[in-house]
Amino acid sequence: EWRRFPPPLIFYTKINRTTCKSMHYYFAYGSNMDQQQMLERCPQAILVGPAQLPDFQLLFTIYSPKRKCGCADVVENKGSNVYGLLFKLTDEEAERMDAFEGHPIHYRRLPVTVNCNQSTVQAFTYEVVTKEQGLAPSAHYLGLIRTAAAKFEFPNEYQEYLAKVLAQPNEI
């Protein structure tokens with residue numbers, strides 16, 4: 001009897017999007033883990049789940065005039081891990097992310113292999129083009145990363161690493 005009624009419209013939307021449009025896996029590790037920000041930037045993004053980027057470390061190597069602080073970057077470092085969120089994006093959303101991230105001037109796309117849901121996934125993320133040392137994130141920016149880490153239950157070791165990151169001392 002339940003087959004008489006069509007599935008909800010949202011079901012058709014997801015099937016249409018996943019079968020008729022090219023999809024890209026995107027690994028977010030900084031402020032794009034904030035669901036509100038991702039909703040504004042890529043409203044049709046599909047959250048796949050938490051993911052791990054092996055042999056990289058999270059550092060803050062680019063200054064954002066808009067945020068007035070150091071912003072996140074992934075830097076190769078054997079034995080380290082960066083945790084983040086894996087999303088599926090359409091071609092259009094991937095291009096929008098390029099614009100938001102300042103690709104290819106400030107950040108550039110980086111093909112990566114991440115671990116998610118007990119499988120490896122080919123994805124892209126962003127790395128800083130011209131890295132600077134000694135930058136600190138703002139308390140707000142760092143809070144976005146720490147909040148996602150807690151919400152999605154990233155490993156305690158990683159959350160402890162984030163807890164040791166010092167935010168800017170003189171925020172306005």
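What you see is a predicted model; the values in this text were computed from it and never measured.

### Concerning the pairing of strand β4 (residues 107-116)
Note that β4 and strand β5 (residues 119-128) share ten bridges and pair antiparallel. If you follow T113 over to β5, its bridge partner there is Q122. Counted between consecutive antiparallel strands, the loop separating β4 from β5 contains two residues, among which N117 sits at a positive phi close to 50°.

### Brief notes about the nonpolar core
Grouped together as the largest cluster of nonpolar side chains are 45 residues, with contacts concentrated most on Y26, L58, V82 and V114. The set of elements that each furnish at least two residues to this core consists of β1 (23-28), β2 (46-64), β3 (69-90), α3 (91-101), β4, β5, α4 (139-151) and α5 (156-164). Ranked by the residues each element gives to this core, the list is headed by β3, at ten residues. Residue contacts for Y26: discarding those within four places in its chain leaves N32, M38, L85, L86, F87, L89, M97, A123, F124, T125 and Y126.

### Looking at the confidence of the model for the chain
On average, residues of the chain score 89 in pLDDT, and 86% of them reach the 70 mark or higher. In the predicted structure, residues 1-18 sits below a pLDDT of 50 and forms eleven contacts with residues beyond four places in sequence or in another chain.

### Description of the packing of aromatic side chains
This structure, assessed with the given rule, holds nine aromatic pairs. With centroids separated by 5.0 Å and ring planes inclined at 65°, the aromatic side chains of Y83 and Y158 adopt a geometry described as edge-to-face. Taken together, the positions of Y83 in strand β3 and Y158 in helix α5 put the pair 75 residues apart, joining distant regions of the chain. Classification of Y158 as buried rests on a relative accessible area of 4%. Through pairs of rings, three or more aromatic residues link up here, namely Y83, F154, Y158 and Y161. Taking NZ or CZ as reference, R109 lies 4.3 Å from the ring centre of F124, over its face.

Rules and cut-offs
- Residues numbered from 1 in each chain as written.
- Predicted model: local features only at pLDDT ≥ 70, side-chain atom pairs only at ≥ 80, totals over all residues.
- Heavy atoms only, no water.
- Pairing = 2+ DSSP bridges.
- Helix = DSSP H or I, 4+ residues; strand = E, 2+ residues; numbered from the N terminus.
- Core = buried A, V, L, I, M, F, W, Y, C linked by side-chain atoms within 4.5 Å.
- Buried < 20%, exposed > 50% of the residue type's maximum accessible area, 1.4 Å probe, protein only.
- Contact = heavy atoms within 4.5 Å.
- pLDDT = per-residue confidence, 0-100.
- Phe/Tyr/Trp six-rings, centres within 6.5 Å; stacked < 30°, edge-to-face > 60°.
- Lys NZ or Arg CZ within 6 Å of the ring centre and 35° of its normal.

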